Structure formats: C-alpha cells, structure tokens
Amino acid sequence: MGLSFDPDTVSLPIGHFIGGELIAAEGAIEMRRPSDGKAYAACPVAGVDMIGRAVESAKAALKSSNWGGVRPRERTKALQAWVDLIEAEAETLAKIEALCSTRPVGQLVVGDIAITAEQIRFFAEFADKEGSELVPTADATLGMIMSEPYGVVGAITPWNFPISMAGWKLGPALAAGNAVVLKPSEMTPFSAVYMAQLAVKAGLPAGLINVVLGDGPTTGTALTGHAEIAKVSFTGSTRAGSAIMENVARTGVKPMTLELGGKSPQVVFADADLEKAATAIAGSVTFNAGQACVAGTRLIVERSVADRLTAAILDKMKAVRPGATWNEATQYSPIISERQRARVDSIVRASIATGGECLTGGGAMDSPGYFYEPTLIANVDQANPAIVEEIFGPVLTIQTFETEEEALALSSHPTYGLASGLFTSDLSRTIRFARKLEAGTVWINRYSRSRDHILPTGGYKRSGIGKDLGREAYLANRRTKSVLISL
Ligand code: NAD
C-alpha cells in the first residue's frame, strides 16, 4: 500500500495554534476535499481578538526566549531539530496535506516536504553568517550598520503549495530572529498547524510560531492591520496583495514582501531541442493542474516549428490521468474547489467566444472531484481573456512569431512578470533574452526551479515586491540601523 491511505482515517489538527496550544474554535467555512468533493471539516475564522492573542504570544515568546538575541548558532541548531522532526513525521504531514489540498501524496514526501526541509535548513545556516558590518569612515569615527530582527512578522500564504509556502515564510523569518503569526489559506490550513506543533515538540519556544485560521477579509485584514506586526510577508493573488497594501497604508506603515500572481511566457525557437521543450512546457501546465504561480501558461513558438511542437505537447497533455491525491501513483491533481474550477472554465469559454480555438480539453473531467482537462487554446491575440487573465488551471495558449522582436513583444504581459522560459541552442540569444525578458525569473532550456535555494524568486510589474528564497529573503527579515561613534 505504501503511501496511499484512506482519507476518512486521517486526524486533523483543527484549531488555531497559539502559544504552543491548539485552540479549538467553531468552524465557519465549509471545507471539501478537492479529490472527491466530500465535505470533511469547517475552518474557524479568527477575528481581531484572536489575532491580538497570537501577537501577544509571539511577543512573550521573543521576550522569554531572547530568540533574536541568543548566540545565532543556537537558532540554527533549534531550527535544524525542527526540520529533523518534520522529516521524521513526513508521512503524517503528507497525509494531512494530501487530504485537504491538490498535492498528491506521492509527490509530497519526496517533493514538497523534502524540499521545504532543505530550505529551512538553508535559512537556518544564515543565522550565524549574515550580520552587522563596519563601514569606512574617518579615523575619528567608527561607523557600523547594525542588523536586527523586526520582532513579530505577519505571514499569509495561499492554498496551492501549503507546506512549501509556509516554509518559504517561516524559514527566513525565524532564522533571522523573528517570531511569526502565520495565516495559511482557509482552504488548506492544517499542514501549517501540524508543522507548528512539530516545532514545539522539537524544542522551539512555544509562541514563536503561531498559526491563526481564517479568511482574508476578516483574519487577514486583522493580521496585516495589527499595530505590532512589524513586517508583512504575503504570497497570493495580485488582487489580495493590493488589498493588503491598502489596509497597511490605512492602519500604519510597515514593510511588505508581496509574492503575487503570474502569467508566464515560454518562448521556443526553431533551433531548440523540441522534445525537451515539449516535456517541460506540458509539465509546467499540468503539474498541480497548472495551479502554480510560475506556471508557463503562454507558449510563444517560432512559426516554422509550431505544428511539430504543438503535436508533441498535445500527446503529453492528453496522456494525463486524474487520480485522488491520497493514491500514491497519482500524478495529475484536481482543482482546489468547485468555484475555482468554474472560474477556469468561464475564462476558457470567454477565450473561445472571442476567437480562441480549443485544440484539446476545455471542460471538466468525467471523474469525482474537481478535475479539469488539460487545455490548449490557439488563435489568441494579446486581448484574448486566456492571455490577459491568470487562470490558475491547466490551460496553455499558443501564439507564433517569426522574429526575435515579435517573440519579445508577445512575451511581455501588461500586468505580470513573475517567471519566463526560453528554449534555444543559440548562446548569444539566451543572453539577449535573459536581459530583455521582463520577469523576476528566467529559465533557459528548462522550466522549473532547481534545489538551489540561493536563487531568489519574486516578480516584476504587478507580480510582486521583494523576494522569497535566497539571501534576499533572509535579509528582508532583518532591518538595519546606522550607528556612528565619535572616538
Ligand atoms: P488569494 O490571494 O485568494 O489568497 C492568498 C491568501 O491571502 C489566503 O490565505 C487568503 O485568505 C489571504 N487573503 C485574501 N484576501 C486577503 C486580504 N484582503 N487581506 C489579507 N489576506 C488576504 O490567493 P490563492 O487563491 O490562495 O492563491 C493563488 C494565487 O497565489 C495566485 O494568484 C498565484 O499566482 C499566487 N501565488 C504566488 C506565488 C509567488 O511566489 N509569487 C506563489 C504561490 C501562489
């Protein structure tokens, strides 16, 4: 049986996790399993009082443990002990995640969880390597840039990769000496609660990680607007990112890291390895059923090879088979909710109504749960809804070009600039495009992250502000103070 499991047998940590305690609360938002649509729980919604309690608990933990002021190596060791436990409990964590989310259990243990563990270790190692610096000043003075943690960081994460997204926020914030109040998505909150429980079991101070459950308008607004949240770190849609900026501006000024939406292009030249390109392109829109911020959903291909590449991609898209996230063999995920699936479908309909030609897919799959067919749409211009909107589903558009200038013009999106892909064997062209593509990430002859966590990720344009991962994410969780001493 391996990792496969019966979803009715999994016990979930339902409640807020504050000060090291699971706090039961009345469920308010009905939750359904994406794989079969069955209602299984109700998510509580924390209000201003519960957020206040979580912030107080975080402040108390910082004070009693002196987390931000201990020998930095102590933080490294404590975080590593937490990661050891995450790895030891990977199967339990994977079951909680697979039950609630779109992530198949077989991909979680070797993918999301293993990578998240590695990332938290990566950030833990920064604690005693990045710090204050002495700067050049006159002999009669000593100038110093002193680096300090913020205090309590407020983090908000989306539903598409709940464990990874929690890790992206918690790893650098904690390593940098902060406490965190984390609000995971109301659709997939329990894996984050379990990770926080493991932290306390591993010896991290209770209250250092607090997880509050709830929606955006009530819980998210209370969190980002709380006067003692010193920094906000958000991953989610551009729409919610704007709402957070507005709320923060209204309630007080504070720094923000915003990782937002994307509509990423993949540009393929005739001199590329087309089979390799087809595998990467089809993989990027079918992985997690296209529910990835960096999904390369706009194929832009040189006209002379468009038919060949399209045929190869179609073969791969048609080969996917839906499966419940609790079956180890499953590779193709459901959409997170009925509502989100209806949204995907409505954009596909609008695209076809405005001239798009659907080459495959274009509808819900005939299976239980919220599965949607991998969909390829040709004959779209820059105004087509399937080009303009971030669909967040398994939908790829195809456009063709004849010159580099045309390819670059098509690749540029009016709203988004998160990631981009290029397939070519021309070295000079790779450099020209790496310079000109308007995106925070450029993948060349591949379309996926590696496990080199030193590479930061973040958006251009309205895809975000600031970076996750890399040294930049660690430094974004520290603030600097200039100190000048007359000698
Ligand atoms: P969403 O914006 O609807 O929700 C994300 C989180 O924000 C949730 O926890 C939600 O409750 C909360 N939220 C919503 N409105 C809020 C508000 N006004 N104030 C405070 N919190 C609020 O996004 P989603 O549907 O959960 O996730 C999909 C989106 O996330 C896509 O746009 C995707 O591109 C983006 N995403 C970006 C990255 C990245 O690294 N750039 C990574 C993953 C997902």
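Residues numbered from 1 in each chain as written. Predicted model: local features only at pLDDT ≥ 70, side-chain atom pairs only at ≥ 80, totals over all residues. Heavy atoms only, no water.

S.K.: Any chance you could explain the packing of helix α13 (residues 404-411) against helix α14 (residues 427-436) here in plain terms?
M.R.: Packed helices, taken two at a time, are described by the angle their axes make and the gap between the axes. Orientation of α13 relative to α14, taken along the N-to-C sense of each, is 30 degrees, at an axis distance of 11 Å. The orientation of α13 with respect to α14, classified from their angle, is roughly parallel. Crossing handedness for the pair α13 and α14: right-handed. Contacts between α13 and α14 involve E404, A407 and L408 from the former and R429, R432, F433 and K436 from the latter. A per-class count over the contact of α13 with α14 returns three nonpolar, no polar and four charged. (Axes fitted to C-alpha atoms, helices over the stretch in contact; angles between N-to-C directions. Helix = DSSP H or I, 4+ residues; strand = E, 2+ residues; numbered from the N terminus. Parallel < 35°, antiparallel > 145°, perpendicular 65-115°, else oblique. Left-handed = near helix turned anticlockwise from the far one by under 90°. Contact = heavy atoms within 4.5 Å. Nonpolar A, V, L, I, M, F, W, Y, C, P; charged D, E, K, R; others polar.)

S.K.: Help me understand unusual backbone geometry, please; the structure alone is not making it clear to me.
M.R.: In terms of backbone geometry, most residues other than glycine have negative phi values and most peptide bonds are trans. With a phi angle near 50 degrees, A289 is a residue other than glycine that sits in the positive phi range. Turning to its location among the elements, A289 is positioned in the loop between α9 (274-286) and β13 (298-302). For A289, a relative accessible area of 1% corresponds to the buried category. (Buried < 20%, exposed > 50% of the residue type's maximum accessible area, 1.4 Å probe, protein only.)

S.K.: Is there a simple way to think about the site of the ligand in this case?
M.R.: With respect to spatial proximity, 30 residues lie near the ligand, and among them T157, E186, S237, L260 and E390 are the closest. A distance of 2.8 Å is found between an oxygen atom of the ligand and a backbone nitrogen or oxygen belonging to T157. Considered on its own, the ligand offers 840 Å² of accessible surface; in the complex 91% of this is hidden by protein. Listing elements by their share of the shell around the ligand, those giving two or more residues are α5 (162-175), α7 (216-225), β10 (231-235) and α8 (238-251). Considering every element that reaches the shell around the ligand, the biggest residue donor is α8, with four residues. Class assignment for the residues of the shell around the ligand results in 14 nonpolar, 10 polar and six charged. Summarising the domain contributions, the shell around the ligand has at least three residues from each of domain 1 (7-260) and domain 2 (265-459). (Near = heavy atom within 4 Å. Polar contact = N/O pair within 3.5 Å; in protein donor to acceptor, adjacent residues only side chain to side chain. Areas by Shrake-Rupley, 256 points an atom, 1.4 Å probe, with all protein chains shown as cover. Domains from an automatic or database assignment.)

S.K.: Help me understand the domain arrangement of the protein chain, please; the structure alone is not making it clear to me.
M.R.: Note on interface size: it is often stated as the accessible area lost on association of the parts. Here the protein chain is described as being made up of domain 1 (7-260) and domain 2 (265-459). Each partner contributes residues to the interface: domain 1 has 33 residues there, and domain 2 has 31 residues. Taking both sides of the interface into account, the surface hidden between domain 1 and domain 2 amounts to around 2,700 Å²; carbon and sulfur atoms contribute 62%. The three residues of domain 1 that bury the most area against domain 2 are S35, T102 and W159, which together make up 20% of that side's buried surface. Linking domain 1 with domain 2 are one salt bridge, by the criterion used here. A salt bridge links R451 to E118; its shortest N-O distance comes to 3.0 Å. At the surface where domain 1 touches domain 2, the tally comes to 13 residue pairs in polar contact (both at pLDDT 80 or more). If you list the elements that add at least two residues to the side of domain 1 that touches domain 2, you get α3 (90-100) and α4 (105-124). (Buried area = accessible area lost by both parts, 1.4 Å probe. Salt bridge = Lys/Arg side-chain N within 4 Å of Asp/Glu carboxyl O.)

S.K.: For this particular structure, what's the right way to read the packing of aromatic side chains?
M.R.: Any two aromatic rings considered together are summarised by their centre-to-centre distance and by the angle between their planes. The tally for this structure, following the rule as stated, stands at nine aromatic pairs. Ring geometry for F126 and Y474: centres 5.2 Å apart, planes at 20 degrees, overall stacked. Residue F126 is found in the loop between α4 and β5 (133-135), and its partner Y474 is found in helix α15 (residues 470-475); the two are separated by 348 residues along the sequence. Looking at Y474, the relative accessible area reads 1%, which means it is buried. Relative to F433, the ring of F269 lies with its centre 5.5 Å away and its plane at 85 degrees, an arrangement referred to as edge-to-face. Here the residue F269 occupies a position in the loop between β12 (265-268) and α9, and F433 occupies one in helix α14, the gap between them amounting to 164 residues. Assigned by exposure class, F269 and F433 land together as buried. An aromatic cluster is built from F122, F123, F126 and Y474, whose rings are joined through pairwise contacts. (Phe/Tyr/Trp six-rings, centres within 6.5 Å; stacked < 30°, edge-to-face > 60°.)

S.K.: Would you explain the layout of surface pockets in this entry?
M.R.: Over the atoms, a rolled probe matching the size of one water molecule traces out where space is still vacant. Here the second largest pocket defines a volume of roughly 650 Å³. Around the second largest pocket sit 23 residues that line it, and I115, F161, F287, S448 and R449 are the ones nearest its centre. For the lining of the second largest pocket, the secondary-structure elements that each account for two or more residues are α4, α5 and α9. At six residues, the largest contribution of residues to the lining of the second largest pocket is made by α4. In terms of residue class, the lining of the second largest pocket is built from 12 nonpolar, eight polar and three charged. (1 Å grid on protein atoms, 1.4 Å probe; cavity = no way out; pocket = protein on both sides within 12 Å on 5 of 7 lines; lining within 4 Å. Points joined across faces, edges and corners; volume = space filled by probe spheres on them.)

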